[in-house]
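Listed below are the residues making up each chain.
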Amino acid sequence: MIASLIAMSALVGATQGENPYGKPLAVAESRRIALTPKLDGVASAEEWDALTAEGTVSTFFQWEPGKFHVGTLTAAPAVVVVSVDLGNNGWLIGDDNLEVRLEPGPGSNVVASARMLDGTNPAGPVWRPLPGFSVASEAKLGRAESMELLEATIHDPGLGILPTDDRRKVGLRVDILPLNTPPSEPYLPRPVVPIELVMARDAGLPEKMVFRPGNYGRAVVPEQTIKLRFGFEGTNDLGIQKLNLRSEGEARDATNLVEVPFPRFDNKGRAFVDYETAVAAGASVGYRVARGTLNVKDGVAGVAQMSYRIAPDVDIEVINEIRRTDAVDRTYKQAFRVRSNSGKGLVGQISVSVPGPLRIINSPDRRLNLTSRGQAREVFEIYVPASTSGTFPVYFDVTIGGNKTRQTGFVTIR
């Protein structure tokens, strides 16, 4: 990613008095790009966006709608604690302070747990457990050049807590703590750093040059094409000669590499270059980053990035609703939304299933017939036995043109 992200200081397991979260965290790049890592225990080139670095210890943070992605490199196994002030109004203020604890387990497993700090009680702040995050989240341990690598995706368990749109600001810190560090008391303060969740950013551009991206965040399916607009404001005396365009990381070999002469700015001070690329069959899905490198006669003049998404044919979204535990058996109508990411019409089938003790009451199968980038709302009826609580996965098995894929949503009953 952008080189300037690496030149920063980090909190690396240091304690300040009795508060392991008391040391301020300095982050040079506050704009965090939307980018999906591959949780395989391997650190691939341009897979992770650096957050902090100190000595041999590094942390990484990126996002996508409804998910946070966290990575760490440490010399020895450690507990990773992610603290997010979702309201960006200060830790210990309000009821929106999320803590996710990632602790190495047996083998390459990681045990995830979460709780929310509620500071609205005049008698003092209290922790409220959020067990659904341990069901919905994923994590993996691996090795990278003699270092311990932890990769994790913190997934919203159907509670609507994590941000789903860009330009949202939250407070953040990522702490590396020794194994067996106990959970902290609720009254301990934590200085968090304001960050912005973005789908476009730039670094090192010439003075008076502004990046104006277009079409960022769009989705494309493999074997189709996407067009992303790299727009700039400036003047011709900046001396920009060429613009190199490519995808980073996982999508680099699945998309086009283009280098073009930089166009002249028009009479309104605008210049545009469209990055139009095909996406190869079999390209892995997720948020990817398109990178534009500006070149002048004597070197590089700056970098501009924007996120886009290589997507499955359809996205399936469980519509969040508040479900309460009941003393008697209940049935609910649960809605979900199906969206096409394809530029072509789609015909197929969706089969819905849930684990016990839940049960689908009506037919689990739905016919899929969507126009280009069309969408539909569907409903299934779910049986919930008395006194049932927890977070449960909902599996959607999708069949289109003989190809079968599975997507997972979540419902939480509490």
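How each quantity is defined
In this convention, every chain numbers its residues from 1, walking through the sequence in written order. Residues qualify for local features only when their pLDDT is at least 70, as the model is predicted, and side-chain atom pairs are given and counted only at 80 or more; totals for whole chains, interfaces and linings, by contrast, use all residues. Side-chain numbers here rest on the full set of heavy atoms in the structure, without hydrogens or water. Here a strand is any run of E in DSSP of at least two residues, a helix any run of H or I of at least four, and the numbering for each starts at the N terminus. Every radius of gyration here is taken over C-alpha atoms, with the globule rule written as 2.2 Å times N^0.38, N being the number of residues. Burial here depends on accessible area, computed with a 1.4 Å probe over protein chains only, as a share of the maximum for the residue type. Under 20% is buried, over 50% is exposed, and the range in between is partly exposed. Contacts between residues were defined by any pair of non-hydrogen atoms, one from each residue, lying within 4.5 Å. For the area figures, the Shrake-Rupley method with a 1.4 Å probe applies, and any residue is considered shielded solely by the protein chains shown. Remark: nonpolar core denotes a set of buried residues (Ala, Val, Leu, Ile, Met, Phe, Trp, Tyr, Cys) joined through side-chain atoms within 4.5 Å. The term salt bridge refers to a side-chain nitrogen of Lys or Arg lying within 4 Å of a carboxyl oxygen of Asp or Glu. Each aromatic pair joins two rings of Phe, Tyr and Trp (for Trp, the six-membered one) with centres within 6.5 Å, and gets the label stacked for planes under 30 degrees apart, edge-to-face for over 60, and tilted for any other angle. Pairing between strands requires that DSSP locate at least two bridges from one strand to the other. The convention used is that axes are lines fitted to C-alpha atoms, helices contributing only their stretch in contact, and that angles between N-to-C directions extend from 0 to 180 degrees. Pairs of N or O atoms are called polar contacts if they sit within 3.5 Å, as long as, within protein, a hydrogen donor faces a hydrogen acceptor (for residues adjacent in sequence, only side-chain-to-side-chain pairs).

1. Structural notes on the overall build of the protein
Helix and strand counts for the protein stand at 1 helix and 29 strands. Its C-alpha atoms give the protein a radius of gyration of 23 Å, near enough to 22 Å, the size a compact globule of 414 residues would have. Overall size of the protein, expressed as C-alpha extent along the three principal axes, is 75 × 60 × 40 Å. Going through the 414 residues of the protein one by one, you find that 51% of them count as buried. Intrachain contacts of the protein at a sequence separation of at least 6 include 64% that bridge at least 24 residues. A total accessible area of about 18700 Å² is found for the protein, and carbon and sulfur atoms account for 49% of it.

2. Re the nonpolar core
Core analysis: the largest hydrophobic core is formed by 38 residues, its most contacted members being Phe68, Val82 and Leu98. Listing elements by their share of this core, those giving two or more residues are strand 3 (57–64), strand 4 (67–74), strand 5 (79–85), strand 6 (97–104), strand 7 (110–118), strand 10 (147–155), strand 11 (168–177) and strand 12 (193–198). When neighbours within four sequence positions are excluded, phenylalanine 68 is seen to be in contact with Phe61, Gln62, Trp63, Val84, Leu86, Ala152, Thr153, Ile154, Leu162, Pro163 and Leu197.

3. Considering the pattern of salt bridges
On inspection of all chains with the given rule, the structure shows 21 salt bridges. Residues glutamate 148 and arginine 143 are paired through a salt bridge, measuring 2.5 Å at the closest nitrogen-oxygen approach. With a relative accessible area of 19%, glutamate 148 lands in the buried category. Between glutamate 233 and arginine 212 there is a salt bridge; the shortest N-O distance is 3.2 Å. Taken together, the positions of glutamate 233 in strand 16 (residues 225–233) and arginine 212 in strand 14 (residues 210–214) put the pair 21 residues apart, joining distant regions of the chain.

4. A short note on unusual backbone geometry
The omega angle of the peptide bond from glycine 356 to proline 357 is 5 degrees, so this bond is cis rather than trans. Looking at the secondary structure, you find proline 357 in the loop between strand 24 (346–353) and strand 25 (359–360). One non-glycine residue with positive phi stands out, namely arginine 167, at about 65 degrees. Tracing the chain through its elements places arginine 167 in the loop between strand 10 and strand 11.

5. Description of the packing of aromatic side chains
Across all of its chains, the model carries 8 aromatic pairs by this definition. Their ring planes at 55 degrees and their centres at 5.6 Å tell us that phenylalanine 262 and phenylalanine 265 sit as a pair that is tilted. Here phenylalanine 262 and phenylalanine 265 have matching classes, each one buried. Centre to centre, the rings of phenylalanine 336 and phenylalanine 396 are 4.9 Å apart; their planes meet at 50 degrees, and the pair counts as tilted. Placement of the pair is phenylalanine 336 in strand 23 (residues 330–340) and phenylalanine 396 in strand 28 (residues 390–400), with a sequence separation of 60 residues. Accessibility assignment for this pair places phenylalanine 336 and phenylalanine 396 in one class, buried. An aromatic cluster is defined as three or more aromatic residues linked by ring pairs; in this entry it consists of Phe211, Phe230, Phe232, Phe262 and Phe265.

6. Examining the sheet that holds strand 16
Sheet architecture is open: 3 strands sit in the order 14-16-19, paired in antiparallel fashion. What marks the edges here is a single partner per strand, and that holds for strand 14 and strand 19 (270–278). The mean angle between the axes of side-by-side strands here comes to 20 degrees, regardless of whether they run parallel or antiparallel. Relative to strand 19, strand 16 runs antiparallel, the two sharing 9 bridges. Following the sheet pairing, lysine 227 is matched in strand 19 by glutamate 276.

7. Description of the sheet that holds strand 4
Judged by pairing direction, the sheet is antiparallel, and its 5 strands sit side by side in the order 2-3-4-10-9 without closing on themselves. The open sheet has two edge strands, strand 2 (50–54) and strand 9 (138–144), and neither has a second partner. Between one strand and the next, the sheet's axes are offset by a mean angle of 10 degrees, whatever the strand orientation. Bridge analysis of strand 2 against strand 3 gives 4 bridges, and the strand direction is antiparallel.

8. Let's talk about the pairing of strand 6
Within a regular strand, the side chains alternate between the two sheet faces. In terms of residue burial, strand 6 counts as a mostly covered element, since 6 of its 8 residues are buried. Bridging between strand 5 and strand 6 involves 6 bridges; their strand directions are antiparallel. Note that in strand 6 the partner of aspartate 85 across the bridge is asparagine 97. Where strand 6 lies against strand 7, 8 bridges are found, and the strand directions are antiparallel.

9. Considering the side chain of arginine 246
Mapped onto the secondary structure, arginine 246 falls in strand 17 (residues 242–247). Overall, arginine 246 belongs to the buried group, its relative accessible area being 12%. A distance of 2.8 Å separates a polar atom in the side chain of arginine 246 from a polar atom in the side chain of glutamate 46. Once residues lying within four places of it in the same chain are set aside, the contact partners of arginine 246 are Glu46, Arg252, Asn256, Leu257, Tyr275, Val289, Ala290 and Arg291.

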